[in-house]
Amino acid sequence: MNVGVAHSEVNPNTRVMNSRGMWLTYALGVGLLHIVLLSIPFFSVPVAWTLTNIIHNLGMYVFLHAVKGTPFETPDQGKARLLTHWEQLDYGVQFTSSRKFFTISPIILVASGVLNSSKRPSTMHQLVLEQRRMKNTKDTRYFLASFYTKYDPTHFILNTASLLSVLIPKMPQLHGVRIFGINKY
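Residues numbered from 1 in each chain as written. Predicted model: local features only at pLDDT ≥ 70, side-chain atom pairs only at ≥ 80, totals over all residues. Heavy atoms only, no water.

## A look at the environment of L174
In step 1: Topologically, L174 is positioned in the segment after α7 (153-167).
In step 2: Put simply, L174 and E87 are 87 residues apart on the chain and 9.7 Å apart in space, counted from C-alpha to C-alpha. (Helix = DSSP H or I, 4+ residues; strand = E, 2+ residues; numbered from the N terminus.)

## Quick notes on the layout of surface pockets
In step 1: In this structure, the largest pocket occupies an estimated 400 Å³ of space.
In step 2: The wall of the largest pocket is formed by 19 residues, among which Y61, H65, P169, V177 and I179 lie closest to the centre.
In step 3: Mapped by element, the contributors of at least two residues to the lining of the largest pocket are α2 (45-66), α3 (85-88) and α7.
In step 4: With 3 residues, α2 is the single largest residue contributor to the lining of the largest pocket.
In step 5: Taken together, the residues of the lining of the largest pocket sort by class into 11 nonpolar, 6 polar and 2 charged. (1 Å grid on protein atoms, 1.4 Å probe; cavity = no way out; pocket = protein on both sides within 12 Å on 5 of 7 lines; lining within 4 Å. Points joined across faces, edges and corners; volume = space filled by probe spheres on them. Nonpolar A, V, L, I, M, F, W, Y, C, P; charged D, E, K, R; others polar.)

## Here's the deal with the nonpolar core
In step 1: Of all hydrophobic cores here, the largest spans 11 residues; its members are M17, Y26, V30, W49, M60, L64, W86, L89, F101, F102 and L109.
In step 2: Within the residue set of this core, elements represented by two or more residues are α1 (22-38), α2 and α4 (97-116). (Core = buried A, V, L, I, M, F, W, Y, C linked by side-chain atoms within 4.5 Å. Buried < 20%, exposed > 50% of the residue type's maximum accessible area, 1.4 Å probe, protein only.)

## Some remarks on the packing of α2 against α7
In step 1: Contact geometry for α2 and α7: axes closest at 9 Å, N-to-C directions at 20 degrees. In terms of orientation, α2 lies roughly parallel with respect to α7. Where α2 crosses over α7, the two elements pack in a sense that is left-handed. Contacts between α2 and α7 involve P46, V47, T50, N53, I54, N57, Y61 and H65 on the former and, on the latter, H155, L158, N159, S162, L163, S165 and V166.
In step 2: Taken together, the residues of the contact of α2 with α7 break down into 7 nonpolar, 8 polar and no charged. (Axes fitted to C-alpha atoms, helices over the stretch in contact; angles between N-to-C directions. Parallel < 35°, antiparallel > 145°, perpendicular 65-115°, else oblique. Left-handed = near helix turned anticlockwise from the far one by under 90°. Contact = heavy atoms within 4.5 Å.)

## Describing the confidence of the model for the protein
In step 1: A residue-level look at the protein finds 74% of positions with pLDDT of 70 or above and a mean pLDDT of 76.
In step 2: The spread of mean pLDDT over the elements of the protein runs between helix α6 (residues 141-148), the lowest at 48, and α1, the highest at 91.
In step 3: Every residue in residues 136-145 is under pLDDT 50, and counting partners more than four places away or in other chains gives 10 contacts. (pLDDT = per-residue confidence, 0-100.)

As structure tokens, then:
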């Protein structure tokens, strides 16, 4: 029992992502970031989406996978001191709702960013042709995303690298693993 605190959690980092309104606040923050980037006059829509993805993924990497410990003193005998926020989330239990949300959100952001950056068909004939191409395509959704950026290799490489930088550390096999000793202490 913690005396003099407003919660009964030993480590509040474990439940902060499940708190009321957190997911909505997260989504609104990403939306606000994108609107700010779109308001900059010399950024095209694909550049704004790529920057949204990169800034979001960089921030989430630092917040969830690089910074260790807690921002407050906890009575857990220093167990949380060597864990990242992702490893503390939901007491380390894998595949909880908040972990699923924060795993799938960068994928959705990449998919929506690439899909929304395309030029929409202007005539009914172009719409029918595009729908036929979509039916005949057997690629996965991620490869369709490259189709919608008009196969621009720069956006594809940047978005893929950014996406992998936040998805790989979230894998259950890497829980507590420090590759090459980076971030060990």
